[in-house]
Every structure is written in structure tokens, then in C-alpha cells.
Amino acid sequence: MSRYIATRAIRGAHALVTEAELMLQKALAEKGPETPVAFPNTAYYLPVIYGMTGIPVEKLGQLEPVLQHARALLHPLPSEKRWTPYLGETLDCGMATLLAAEAIEAIRFVYGLQPEPMPGFRLAGGTAFTSPDNGAGGESLDGHLNGPIDDIQLRTWGIQLVDGRMPGFAAIIGAAKSNEVAVKIVRELQQRNILCFLAGNVNGRSIIHQLIEEGVELGYDTYTVPFGTDTISAIYALGFAVRSALTFGGLKGGQAREILLYNKDRVFAFVLALGEVDDLKYAAAAGAINFGFPVIADTVIPEILPTGVTTYEHVVSMPFNEIEGKDDLERAERLVQKCIEVRGVKIKVTKVPVPVPYGSAFEGEVVRRADMRIEFGGKYSRAFEYLYMAPLNEVVDGRVEVVGPGFEEVPEQGHMDLGIVVKVAGRGMQEDFEPVLERQIHYFINGASGVQHIGQRDIAWIRISKAAAEKGFNLEHLGKILHARFHADFGAIVDKVEVTIFTDPDRIEEWLREARKAYDRRNKRLADLTDESVNEFYSCTLCQSFAPNHVCVISPQRLGLCGAYNWLDCKASYNINPTGPNQPIKLGTCIDPVKGYWTGINEYARIASHGTVEEVAMYSIMENPMTACGCFECIVMLIPEANGVMVVSREDSSMTPAGMTFSTLAGMVGGGIQTPGVMGVGKYYLLSPKFISADGGFKRVVWMSSILKETMAEELHAVATREGDPELISRIADERYAVTVEELLAWLEEHDHPALAMPPIF
Ligand code: SF4
Ligand code: ZN
């Protein structure tokens, strides 16, 4: 163990704990101990403090015992003689640093100093379906950095972390040698779908400044989160790590050791320290090492070799100018490779032959009208996509043909009609997989930096940015992307892929007719696909890497609670990977067709949940409901007074009649345990005739987040009609009209909601 690192980390820890104590004294004097403290939109209080000490801090006064604990963790500086610095002391001081850092950020929130102001800066946020013409949309705060990550985003990324699309996160602290190097480092990480958390500075200059100056889009959608320009804000990365363990690992606040081990084993994160490392950074790094996150520095510092706290080395020094490479860009690339190696991050990169960066991190990128070279679909033109299977001898693998003119002749910001037709063949291919594969076109095309894809089928909408067009991106590249990705991701069922891109109006007409016939056929097939029409359901245990006892049971009429996997997806996935997370479950004997009990399901659930679940009722929320991991799209919860249930969307952060927000509710649902009366579901399950059908079905919904009503208006209207009351949706309250039980009951009376007249729900 390096005496130098120990000395500096311990010194840094002492200084920060003292600073936190002074700030707290001042705040207590000025604001009083009862003043509320909180990070926005989280149910985990101040997460690092909560996870490590179990103290649910909600008021300033509660920070006192926290800082006392931090002080108790401090050790004296190593003496020059005799004493051999011990890693344990340094790690303790690192933990004290984290507690102090989080306390300081919490106090800054009280004073309105967090998130950090950044004039003229705008976060890239919102969902993929935000209209690009509205700019970033969503919850972006003009003129602020991001600050802590909210629970909603944590859950959104959860599914990508578990299915491996997102291999881990990098906490980047400091500033790169140049802006060019800063951009290169981030692009390299983005291409590997590694989340970039950005913090800190060197002499006032932060990598955040560097990226903003270079026009790099920062925000949730591009996997780059600017926390703050000081070192302390890096604490938000560890808050994210702690919450991963609490949300998906079913751990509780105060289980410090388990939380740290969970991170070491399951969260592939590392710290990249750019530029000079001061005492505070050493101290914070010591904190991160507790989590099993190694530190890689681009300057000369002593290294710490493996002792078991992290998987490989603890601290690695890779002085930037000494890295081999023909220029700084190559050096930056090597630096990133080193980080990945040291943490052992598992990465699956598909080389996609396009002239722009490519990776899932670019999926959420928005191309605004002003930055646009051309668009297909949307308001002014039409675009469709269609994938179908053909016999092996009728597909020429790798052929990409553009039929009609390219967009070179179309004026800037113009539009044109487009048809993308993909023909696939493979011995393992089935017609049922066509829609599953077709849906991937959205993700695959979106992965190209500067290309945006929205929608599917004949309402696809694609934009190509000027920057991408200048780099040489053209229509043929759309086909190249699809060819590469279908082989990489679906190689087990697809042997050949041929793509034709149509811009010729006559040919578009002709193919659009074909495509629409197929869409209709598929709709009909989906409608016929009921739980009664099949002999097997599918399991999904993908989330067990995070929630070890959770199993989703997926039937034709009930999709996975994350919304990402339906029965057909699982069937395809099983064919691609027969020993993978989606296994067919033979139904066996039906014990109760109303509540949805089958012998086969119960047996499977018992084994796959490692004995925590004995029985699962497919169609009831009141009795043995399905468990949840953490990535559900909605929470359904009983409101006994209203004789019905409420449905809260993950995107809704407002108060609900249950007296809790989504974040707080989510804490009750996850972790793979059954809680009668509460359930996590995928939003399309709400539309299913099998939605809590044993408890009275959709008519039990008395309250629903307005965002669901808006985004699924048409589908919900169809459900209301099916239920025999076309006005039903307007009888359901939402957060605009009722946030207490009293308000809810008044609303239901006034709007004559059917649940009031239904038999008691229990
Ligand atoms: Fe996780 Fe269930 Fe989605 Fe599978 S279907 S990824 S287990 S939430
Ligand atoms: Zn999950």
C-alpha cells in the first residue's frame, strides 16, 4: 500500500469532513434542524448515507449523527516512521469522505445551489417520443447541470444494465488534456454504451466545460450525465451505485457490506481521473474503491495492486503523454481500453460500417430541425419499413440496393418518401419472428450518431443530421447498419439479410401495399394469440442478474413488466438462445382459469424464485400476484376506499392518492417479493382483457397518471368500448384532479365511476 496515497487520501478526508461539519453548523444556525433536506425524485433519501448507515435523512438535524459517524471513521495521518499505511484505514477515510460529500451536496440543495447553474446550457432529456421540434423537451432544466440522477432514470437504465446493452458506468473526474481528447474519450465510451458520469475540474476547468464547448449533447438520452464541476458532485455516481443495489438487489438501507459487494460483483464501474489529482480526489477515489470501482489516472501517481477489494488493480497510473499512439486521439482510445480492462467490463461491440460513431448511447439523440439535412416521414413525407422472411435461395446476403434517387439533390432541411424493405432467411427463422425483428429496425438505425428514428411500420420517421451527411452518411448506410446488426444480434435465427431502400415513388406505392397487407395479417395474428390458444407461456429471468429471485411469467396476453418483452419476443429469444433467460413453461393442468393458476407455472415459479414464491396467479392483484424486479413501467395499487386500483406511470413524479409518489411506491413493489394489492406491470398489459380479470378487470381502474391517458388515448378508448362504457376513461381520475383519497372519492362520485357499484374487491 502506498504511503503517499494513504497520506493524501486521509488528509483529504479530514479536510472534507471538517468542511461538512462547518457547513452543517452554519446551516443549522440559519435554517434550523427541522429544515427538510432531499435530493429530487428519489425514494432513497440521501442514498449513500442511507445505504451505508441506514439513516433515512429527511431533515438537516439528522445530518449530525451522520457526520459524527464520518468523523469516527477517520484515522490519523500515517507517521513518517514505523507505521505501515494500511489499506483498511485509507478505505475508512474514503467512506468518511463520501458521507461528508453527500451531506455537503444535501446542504447545497437546501440553499438552492444544486443542481449547479450553467448559463446557456441545456440538458438533452425527455423520451424518444418527444417531438424533436420542441428541442430536448422533457424535464430538462435550462441553465443547470444535471445533479443527482432520479429514480425514474435509474429504473429506465436498469433494464439496459441487466440485459447487457449497457455494460457499466465511468465516473470521469477532472479535465482532459484538450477539448479534442475530452470528446474522443466520451465518444469511445459512448460507442461501447458505457454511461459517462462527469464531474470535477482541474484548476477550474472541467471536462463538462470542454464537452459543452465542443457542442456535445449531454444528458440522459446520450448516456452522458454532467453532475457538477467540482469533485464533490462525483458523489452522485456512488448514489446511483447504492440505489442499483437497493432497487434491483432487494437490499435495505444499512446493509453496507452487502451493498458494496453487490456493486463489486454486478456493477461494472470505474473512475477515470483526468489531470492532476489533489487530496480530495485521492480521498474520493478511496471511497470509490470501497465499491470495488478501480481508479485509472492519466497522470503519474503510485499504483495500488490487487488485494481483493476490486477485481483487479485498485489504482492504475497511465500518464497520458507516455501512452503509445500516433496522436492524442489514439492515446485517448488506449486510455479508454485500459479502463475497460482494469474493471473487466464485458463489452459486445458490433462493428457497423458507417462513417459516424455507432452505439446504443446514440439511440436517444435528437436531431433538431435546424441541424437536419433531410427527413423521411413525419409531417411532410412518408416512410415505412417492412421485414419479411423468404426461402434461403431467394436472399442475397449483404446486398444493399437503393432504388431511386439519393438525397443529394434534395435541398437542405428537405424531405422525401422512403421505404425500407428487409428480406431475411434462415433455418431457424419463423414467420412469427418477422414483427420481432422488424421492431429492431428502430433501435438499429437510431444507434448511428446524427441519425434519429421514431415510430415503426408505415409511420416511421427518420432524420439525418447535417453533421452525419457531411461525414458521408447516405441511404445505403441504412442498409449496411441493418445487415450488420441483424447478423450480430440475431445470427442464430437469421443467416441472410438483404436490404432494399426505395425512394422511387412507384416502387414505394407497390411495396407499401405489400407491407400493409402484412401489417394487417400480423394484427390479426396478435389478436388471435390469446392465453387459451397456446400450450406454453415463457419465463424471463433476465432481471435475476440484479433481482435474484424475480421471474416474469409472460403469456400472449400479459407482457413482461418492463414492457420490453412480449410472448413473441420470448419465443424468438428462446430460439436464438435455447439456454438463455426466456424458457418455455409448459402450462400443465389448469387449477383455476379465473385467477390464472396452472401447475406448470407454480412449479416453475417455485424453482426459479429459489423458493420465495410458491404460487402465482396470472390474473389477480389480490392473491399471489406476480413479483417485480424494479424496471416496471407502471405500478398498480389497490385503493381500498375506492373499491378499485390506481395505475401510476414511471414518468409521473407527482403525488398519488396512496399518499406516495411513484418512487416511494416502487420501493414497496420491487425485489422479487409478492405483495398482495401492489404490482409492477408493463403499460400494455392495461389494455389486455386479462388485466386483473379475476378482480374485475379494467373497470377497477379509478385513477391513472395523465401521461398514460394521453400517450395511449386511442388504445384506452378501445378498451373502454370493449368494457361496454365508451366514456370510462373520462370517469377515471388523475393527478390533476385527485391526489388524496378524499379528492378521489369525490371525483368518482361526481363522475359515476363503475367501481363504486362493483362487488367489494376483497
Ligand atoms: Fe426483467 Fe421481466 Fe423485463 Fe425480463 S420481462 S427483462 S425479467 S422485467
Ligand atoms: Zn427488471
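Residues numbered from 1 in each chain as written. Chains lettered and ligands numbered in written order. Predicted model: local features only at pLDDT ≥ 70, side-chain atom pairs only at ≥ 80, totals over all residues. Heavy atoms only, no water.

What to know about the environment of leucine 154
Looking at the secondary structure, you find leucine 154 in helix α5 (residues 151–162). Residue leucine 154 is classed as buried on the basis of its relative accessible area of 1%. Residues leucine 154 and phenylalanine 240, 86 residues apart in the sequence, show an inter-C-alpha distance of 7.3 Å. In this structure, leucine 154 is in contact with Ile149, Phe240, Arg243, Ser244, Thr247 and Phe248, ignoring residues within four places of it in sequence. (Helix = DSSP H or I, 4+ residues; strand = E, 2+ residues; numbered from the N terminus. Buried < 20%, exposed > 50% of the residue type's maximum accessible area, 1.4 Å probe, protein only. Contact = heavy atoms within 4.5 Å.)

Notes on the coordination of the zinc ion (ligand 2)
Around the zinc ion (ligand 2), the donor atoms from the protein are Cys543 (SG), Cys629 (SG) and Cys631 (SG), and they sit 1.9 to 2.1 Å away. In the primary sequence, the donor residues of the zinc ion (ligand 2) line up as C-x85-C-x1-C. With cysteine 543 in the loop between β15 (536–540) and β16 (552–554) and cysteine 629 in the loop between α17 (599–608) and β20 (634–639), this residue pair connects regions lying 86 residues apart in the sequence. Since its relative accessible area comes to 9%, cysteine 543 is described here as buried. Looking at cysteine 629, the relative accessible area reads 1%, which means it is buried. (Donors = N, O, S within 2.8 Å, 3.2 Å for Na, K, Ca; no water.)

Here's the deal with the pairing of strand β4 (residues 269–274)
Of all six residues making up β4, six are buried, and the element is well covered by its neighbours. Where strand β1 (residues 169–174) meets β4, six bridges bridge the pair, whose relative direction is parallel. Across the sheet, the residue bridging to alanine 171 is valine 271, located in β4. Bridge count for β4 against strand β5 (residues 295–297) is three bridges, and the pairing is parallel. The residue bridging alanine 273 from the neighbouring strand is alanine 297, located in β5. (Pairing = 2+ DSSP bridges.)

A short note on helix α8 (residues 235–248)
In a regular helix each residue adds 1.5 Å, so 14 residues correspond to 20 Å; α8 covers 20 Å between its end C-alpha atoms and thus fits that length. A large share of α8 lies buried, amounting to 14 of its 14 residues. Phi turns positive, to about 65 degrees, at glycine 250, one or two residues after α8. (Expected span 1.5 Å × (residues − 1).)

Things to note about the confidence of the model for the protein
Residues with a pLDDT of 70 or more make up 96% of the protein, whose mean pLDDT is 91. Mean pLDDT across the elements of the protein bottoms out in α5 (81) and peaks in strand β23 (residues 701–704) (98). Throughout residues 126–141 the model reports pLDDT below 50, and contacts reaching past four residues in sequence, or to other chains, amount to 36 contacts. (pLDDT = per-residue confidence, 0-100.)

Some details on the packing of aromatic side chains
Applying the stated criterion across every chain, the model contains 31 aromatic pairs. Taking 6.0 Å as the distance between ring centres and 90 degrees as the angle between the ring planes, the aromatic pair formed by tyrosine 4 and tyrosine 282 counts as edge-to-face. Here the residue tyrosine 4 occupies a position in helix α1 (residues 3–31), and tyrosine 282 occupies one in helix α10 (residues 279–290), the gap between them amounting to 278 residues. Given the relative accessible area of 43%, tyrosine 4 is considered partly exposed. For the ring pair tyrosine 685 and phenylalanine 691, a centre distance of 5.3 Å and an interplane angle of 75 degrees mean the geometry is edge-to-face. A residue is classified by how much of its surface remains accessible, and tyrosine 685, at 1% relative accessible area, is buried. Of the residues examined, phenylalanine 691 reaches a relative accessible area of 0% and is grouped as buried. (Phe/Tyr/Trp six-rings, centres within 6.5 Å; stacked < 30°, edge-to-face > 60°.)

Overview of the domain arrangement of the protein
You can read the domains of the protein as domain 1 (3–110), domain 2 (151–343), domain 3 (360–508) and domain 4 (531–757). Put simply, the middle of domain 1 and the middle of domain 4, counted by C-alpha atoms, are 41 Å apart. Between domain 1 and domain 4, the residue contacts involve four residues of the former and four residues of the latter. Across the domain 1 to domain 4 interface the summed buried area is about 250 Å²; carbon plus sulfur atoms make up 56%. Together, Asn41, Ala43 and Tyr44 form the three largest contributors to the area buried by domain 1 at its contact with domain 4, with a combined 96%. Linking domain 1 to domain 4 there are zero salt bridges. (Domains from an automatic or database assignment. Buried area = accessible area lost by both parts, 1.4 Å probe. Salt bridge = Lys/Arg side-chain N within 4 Å of Asp/Glu carboxyl O.)

Things to note about the packing of α1 against helix α4 (residues 87–110)
Relative orientation and spacing of two packed helices are given, respectively, by the angle between their axes and the distance between those axes. Viewed as axis vectors pointing N to C, α1 and α4 meet at an angle of 30 degrees, and their least axial separation amounts to 8 Å. Taken together, the axes of α1 and α4 lie roughly parallel to each other. Here the hand of the crossing between α1 and α4 comes out left-handed. Contacts between α1 and α4 pair Ala6, Ala9, Ile10, Ala13, Leu16, Val17, Glu19, Ala20, Met23, Leu24, Ala27 and Lys31 from the former with Thr90, Cys93, Ala96, Thr97, Ala100, Ala101, Ile104, Ile107, Arg108 and Val110 from the latter. Across the contact of α1 with α4, the residue classes break down as 17 nonpolar, two polar and three charged. (Axes fitted to C-alpha atoms, helices over the stretch in contact; angles between N-to-C directions. Parallel < 35°, antiparallel > 145°, perpendicular 65-115°, else oblique. Left-handed = near helix turned anticlockwise from the far one by under 90°. Nonpolar A, V, L, I, M, F, W, Y, C, P; charged D, E, K, R; others polar.)

Description of the packing of α4 against α8
At their nearest, the axes of α4 and α8 sit 10 Å apart, and the two run at 105 degrees to each other. In terms of their interaxial angle, α4 and α8 are classed as roughly perpendicular. Seen from α4, the contacting residues are Leu98, Ala101, Glu102, Glu105 and Phe109; seen from α8, they are Ile235, Tyr236 and Leu238. Looking at side-chain class alone, the contact of α4 with α8 contains six nonpolar, no polar and two charged residues.

Some points on the sheet that holds β15
The three strands lie next to each other as β16-β15-β17, forming an open sheet whose pairing is antiparallel. Since the sheet does not close on itself, it has two edges, and those belong to β16 and β17 (584–586), each with one partner. The sheet shows a mean angle of 40 degrees between the axes of neighbouring strands, direction not considered. With three bridges connecting them, β15 and β16 associate as antiparallel partners. Counted as the bridge partner of tyrosine 538 is isoleucine 554 from β16. The strands touched by helix α16 (residues 567–576) within the sheet are β15, β16 and β17, with β15 carrying the most contacts at an inclination of about 75 degrees. Running over the sheet, α17 touches β15, β16 and β17 and is turned about 130 degrees from β17.

A word on unusual backbone geometry
Here the amide bond leading from glutamine 114 into proline 115 is cis, since omega sits at -10 degrees, within 30 degrees of zero. The backbone phi angle of tyrosine 45 is positive, close to 55 degrees, even though this residue is not glycine. Mapping tyrosine 45 onto the fold places it in the loop between α1 and α2 (47–53). Looking at tyrosine 45, the relative accessible area reads 28%, which means it is partly exposed. Not every positive phi belongs to a glycine, and isoleucine 692 is a case in point at roughly 30 degrees. In this fold, isoleucine 692 is placed in the loop between β22 (678–681) and β23. Residue classification places isoleucine 692 among the buried residues on the basis of a relative accessible area of 0%.

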